[in-house]
Amino acid sequence: MTVTIKRRPIQYAFTVGNLALTGQGFSNPMDLALSRNSNRVYVINRSNPFQAVQGGVRVGIVTLEPEYIGQFGDFGTDDGGFVWPTSLAVDSQETIYVTDEHRHDVQLFDQDGNFVSKFGKFGSDVGELNRPSGIAVDSHDHVYVVDHLNNRIQVFASDGTPIRSWGTPGSGPGEFNMPWGIAIDADDRVFVADWRNDRIQKFTAEGQYLASFGSSGNGVGQLNRPANLGIDKEGNLFVADWGNDRVAVFNSLGFPVTTLIGDHTHSLWGDKFLAANQDLVDARKIMADGTPEKRFWGPTAVEVDSEGRIIVVDSCRHRLQVYTHI
């Protein structure tokens, strides 16, 4: 039997963001989540240890127009604070869930950033977490948390009640070695970025192993420490191939389709910043064609919005690069 696979070309569209320790812009963004009922984009900023206390650690609220709406959270261990924030997700009620590796918990916020509640604590028992990383929400508002150093996936009700978990350390089917990111498709199938095994694993919502793809390397279909991934309506997967500074694209069957390496042009916010800083404009004139700046540097996450726009978190360059299908 011959299988025909449709492939739509992808092209760069625009960039959102520039370096900013607070307010409009980003500081080492790690992940983004899309509002279910509006065009809001929530971006988690991890910053670095020196800049965290200056306001760099926060969740920024923006649109892709781009419009800066606001921010919430700051550096700290009190309720509503972040230390090593890693990932976030939004459920059907517009509740925002944020994981934090240092706190070993998941915090819940309303859509305006007001702290609601939290669940999880350090440990390896049921409901406990050891440096939680990726997080995603399924069609039933069940919350899937990548329990990074416990090498498992834990599933919770929206109030934090444990439902189930799966995974053990290793490299075999259904086993994990420091998993990081997670995504859920329209049929509630679960895809996990198995970070140190350099692969993506696919499961049912109940944790039954289905398939895996990817292997270690920088060739076609290979991955080097995949961080996170996004899925479009056709089932294509966009993997933030962190160690290779690229986004690897696979179709719904797990076959490699193409690779994105970054095509940045100035963002609107970046242009405004440069317009107010002529010395930086002069310094940039001595650059050749800006090629290194165009490329991804440590991409950490990808999401696909309702319009099919592919949004890449270009972490070390403090921006989002947006692509569309032609």
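The paragraphs below set out a description of the structure included in this document.

Reading the values: the criteria
- Sequence order sets the numbering: in each chain, residues are counted from 1 along the sequence as written.
- Since the coordinates come from a predicted model, pLDDT governs what is reported: local features require at least 70, and pairs of side-chain atoms require 80 or more to be given and counted, while whole-chain, interface and lining totals use all residues.
- Only heavy atoms go into the side-chain values, all of them from the structure, while hydrogens and water stay out.
- Should DSSP find at least two bridges between two strands, the strands are regarded as paired.
- Secondary structure counts use DSSP, requiring at least four H or I residues in a row for a helix and at least two E residues in a row for a strand, with both numbered from the N terminus.
- Fitted lines through C-alpha atoms give the axes, limited to the stretch in contact for helices. The angle between two N-to-C directions lies from 0 to 180 degrees.
- Counted as salt bridges are all cases of a side-chain nitrogen of Lys or Arg within 4 Å of a carboxyl oxygen of Asp or Glu.
- Per-residue accessibility, obtained with a 1.4 Å probe over protein chains only, is compared with the maximum for each type, and a residue is labelled buried under 20%, exposed over 50%, and partly exposed between these values.
- We call two N or O atoms a polar contact when they sit within 3.5 Å, provided that within protein one can donate a hydrogen and the other can accept it, with sequence-adjacent residues counted only if both atoms are side-chain atoms.
- By definition in these notes, contact holds between two residues if any of their heavy atoms fall within 4.5 Å.

Our next topic: the sheet that holds strand E15 (residues 162–166). Read from one edge to the other, the open sheet built from 4 strands follows the order E12-E13-E14-E15, with strand pairing classed as antiparallel. Of all the strands in the sheet, just strand E12 (132–137) and E15 have a single pairing partner and so form its edges. Between one strand axis and the next, the sheet turns by 20 degrees as a mean value, whatever way the strands run. The pairing of E12 with strand E13 (residues 143–147) spans 4 bridges and is classified as antiparallel. Its bridge partner being in E13, Ile 135 is matched across the sheet by Val 145.

On to the pattern of salt bridges, then. Per the stated rule, a full pass over the model turns up 14 salt bridges. Between Asp 194 and Arg 199 there is a salt bridge, and its shortest N-O distance comes to 2.8 Å. Judged on exposure class, the residue Asp 194 and its partner Arg 199 are both buried.

Here we come to the pairing of strand E18 (residues 181–184). Residue alternation in E18 divides its side chains into two sets, Gly 181 and Ala 183 and Ile 182 and Ile 184, and both sets are buried. Turn length for the E18-strand E19 (residues 190–194) hairpin, with the two strands adjacent in sequence and antiparallel, is 5 residues, and the turn residue Asp 188 shows positive phi of about 60 degrees.

Adjacent strands of a sheet form backbone hydrogen bonds with each other and so pair up, either parallel or antiparallel. Spatial ordering of the open sheet is given by E22-E23-E24-E25, a layout of 4 strands whose pairing is antiparallel. Each edge of the open sheet is held by one strand with a lone partner, namely strand E22 (226–231) and strand E25 (256–260). Between one strand axis and the next, the sheet turns through 20 degrees on average, direction left out of account. The pairing of E22 with strand E23 (residues 237–241) spans 5 bridges and is antiparallel. Counterpart to Gly 230 in the pairing with E23 is Phe 238.

This part takes up the environment of Thr 99. If you trace the backbone, Thr 99 turns up in strand E9 (residues 96–100). By relative accessible area, which is 0% here, Thr 99 ends up buried. Sequence spacing of Thr 99 and Ser 87 is 12 residues, and the spatial spacing of their C-alpha atoms is 5.4 Å. A polar contact is formed between the side chain of Thr 99 and the backbone oxygen of Ser 133, at a distance of 2.6 Å.

What follows covers the side chain of Asp 185. By the element assignment, Asp 185 lies in the loop between E18 and E19. A polar atom in the side chain of Asp 185 sits 2.9 Å from the backbone nitrogen of Asp 187. Apart from residues no more than four positions distant in its own chain, Asp 185 is found in contact with Phe 191 and Ile 231.

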